[in-house]
Amino acid sequence: MSTQRYQKGMDKLRELTVPDQTSPTGHMDICEGFKDVAPDLQRFVVEFAFGDIYARPGLDNKQKVLTTISALVAQGTPQIGMHVITGLNVGLKPVEIVGCIMHLIPYVGFPRALNALRVAQDVFAEQGVSVEDLGRFSA
């Protein structure tokens, strides 16, 4: 069973990422850096997070990634950037990602939203994308 779960997780990861020469999962860190202290962590992440949770029906990939970004913004965790890239990979527009973060302000507070916006801004610059149509939201 475990091998099937792992493969299902890797298949889902490949839907969400763009592989490159150094990694079959592109920008997505699936715990390679912890092999020396937690060699089974990668298997847990691939099988559970992606094989069991991300592969569940009910939401499309855009909705799943936007939900993930929301949770990470609320927690204030550094993985926000990795999932902003994932959002762009699955077709979220920068304005949707920014809109999501802005919508969270009343719930998570300005500091977490500002930190997340900085991360998103950096990712957009690195990826060469811009946020369009935000001017119409100005007061």
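Conventions we followed
- Residues numbered from 1 in each chain as written.
- Predicted model: local features only at pLDDT ≥ 70, side-chain atom pairs only at ≥ 80, totals over all residues.
- Heavy atoms only, no water.
- Helix = DSSP H or I, 4+ residues; strand = E, 2+ residues; numbered from the N terminus.
- Rg over C-alpha atoms; globule rule 2.2 N^0.38 Å.
- Buried < 20%, exposed > 50% of the residue type's maximum accessible area, 1.4 Å probe, protein only.
- Contact = heavy atoms within 4.5 Å.
- Areas by Shrake-Rupley, 256 points an atom, 1.4 Å probe, with all protein chains shown as cover.
- Lys, Arg positive; Asp, Glu negative; His and termini not counted.
- Charge placed at Lys NZ, Arg CZ, Asp CG, Glu CD.
- Salt bridge = Lys/Arg side-chain N within 4 Å of Asp/Glu carboxyl O.
- UniProt positions renumbered as here; feature names shortened; annotations may be inferred.
- Phe/Tyr/Trp six-rings, centres within 6.5 Å; stacked < 30°, edge-to-face > 60°.
- Polar contact = N/O pair within 3.5 Å; in protein donor to acceptor, adjacent residues only side chain to side chain.
- 1 Å grid on protein atoms, 1.4 Å probe; cavity = no way out; pocket = protein on both sides within 12 Å on 5 of 7 lines; lining within 4 Å.
- Points joined across faces, edges and corners; volume = space filled by probe spheres on them.
- Nonpolar A, V, L, I, M, F, W, Y, C, P; charged D, E, K, R; others polar.
- Core = buried A, V, L, I, M, F, W, Y, C linked by side-chain atoms within 4.5 Å.
- Axes fitted to C-alpha atoms, helices over the stretch in contact; angles between N-to-C directions.
- Parallel < 35°, antiparallel > 145°, perpendicular 65-115°, else oblique.
- Left-handed = near helix turned anticlockwise from the far one by under 90°.

Comments concerning the overall build of the protein chain
Next up, step 1: Counting its secondary structure elements, the protein chain contains 7 helices and 0 strands.
Next up, step 2: Taken from N to C terminus, the helices and strands of the protein chain fall in the order α-α-α-α-α-α-α.
Next up, step 3: The C-alpha radius of gyration computed for the protein chain amounts to 16 Å, which stays within 12% of the reference 14 Å derived for 139 residues, consistent with globular compactness.
Next up, step 4: Taken along its principal axes, the extent of the C-alpha atoms in the protein chain is 55 × 30 × 25 Å.
Next up, step 5: Burial statistics for the protein chain: of 139 residues in total, 38% are counted as buried.
Next up, step 6: A fraction of 63% describes how many contacts in the protein chain between residues 6 or more apart in sequence connect residues 24 or more apart.
Next up, step 7: Here the protein chain has roughly 8,400 Å² of accessible surface; of this, 57% comes from carbon and sulfur atoms.
Next up, step 8: Taking the 13 positively charged and 15 negatively charged side chains of the protein chain as two groups, their mean positions are separated by 6 Å.

Considering the pattern of salt bridges
Next up, step 1: Taken as a whole and assessed by the stated rule, the structure comprises 5 salt bridges.
Next up, step 2: As a salt-bridge pair, Asp11 and Arg14 come within 3.8 Å of each other at their nearest N and O atoms. Of the two residues, Asp11 and Arg14 both sit in helix α1 (residues 2–16), 3 residues apart, roughly one turn of that helix.
Next up, step 3: Within this structure, Arg5, Arg43, Glu47 and Asp52 form a network of salt bridges that share partners.

Observations concerning the UniProt feature "domain: Carboxymuconolactone decarboxylase-like" (unreviewed entry) in the protein chain
Next up, step 1: Per the UniProt record, "domain: Carboxymuconolactone decarboxylase-like" (unreviewed entry) is found at residues 39–122.
Next up, step 2: Between the C-alpha atoms that bound residues 39–122 there is a distance of 31 Å. The span itself is 79% helix and 0% strand.

Regarding the packing of aromatic side chains
Next up, step 1: In total, this model carries 1 aromatic pair according to the counting rule given.
Next up, step 2: Summarising the aromatic geometry, the rings of Phe50 and Tyr54 are spaced 4.9 Å apart at their centres and angled 20° between planes, so their arrangement reads as stacked. Separated by 4 residues within a single helix, Phe50 and Tyr54 lie in helix α2 (residues 41–54), roughly one turn from each other.
Next up, step 3: Looking at Tyr54, the relative accessible area reads 9%, which means it is buried.

Describing the side chain of Asn61
Next up, step 1: Position of Asn61 relative to the elements: it lies in helix α3 (residues 61–75).
Next up, step 2: Here Glu15 takes part through its side chain, which lies 3.0 Å from a polar atom of the side chain of Asn61.
Next up, step 3: Ignoring any residue separated from it by four or fewer positions in sequence, one finds Asn61 in contact with Lys12, Glu15, Leu16 and Val90.

With respect to the layout of surface pockets
Next up, step 1: Approximately 260 Å³ is the volume attributed to the largest pocket.
Next up, step 2: Lining the largest pocket we find 14 residues, and of these Ala49, Phe50, Thr68, Met82 and His83 sit closest to its centre.
Next up, step 3: Going through the elements one at a time, α2, α3 and α4 (80–89) are the ones with two or more residues in the lining of the largest pocket.
Next up, step 4: When the residues that make up the lining of the largest pocket are grouped by side-chain class, the tally is 9 nonpolar, 4 polar and 1 charged.

Let's talk about the nonpolar core
Next up, step 1: Val73, Val84 and Ile97 are the most contacted members of the largest nonpolar core, which has 32 residues in total.
Next up, step 2: Secondary-structure elements contributing two or more residues to this core are α1, α2, α3, α4, α5 (94–103), α6 (105–108) and α7 (110–127).
Next up, step 3: Ignoring sequence-local partners within four residues, the contact set of Val73 consists of Ile80, Ile101, Leu104, Val108, Arg112 and Ala116.

Quick word on the packing of α3 against α4
Next up, step 1: Across the interface, α3 lies against α4 with an axial gap of 9 Å and an inter-helix angle of 160°. Between α3 and α4, the angle is such that the two are roughly antiparallel. Crossing geometry of α3 relative to α4 is assigned as left-handed. Here Val65, Thr68, Ile69, Leu72 and Val73 of α3 come into contact with α4, specifically with Ile80, His83, Val84, Thr86 and Gly87.
Next up, step 2: Its residues assigned to classes, the contact of α3 with α4 comprises 6 nonpolar, 4 polar and no charged.

Quick notes on the environment of Leu114
Next up, step 1: In this structure, Leu114 sits in helix α7.
Next up, step 2: Here the alpha-carbon distance between Leu114 and Met102, two residues 12 residues apart in the chain, equals 8.8 Å.

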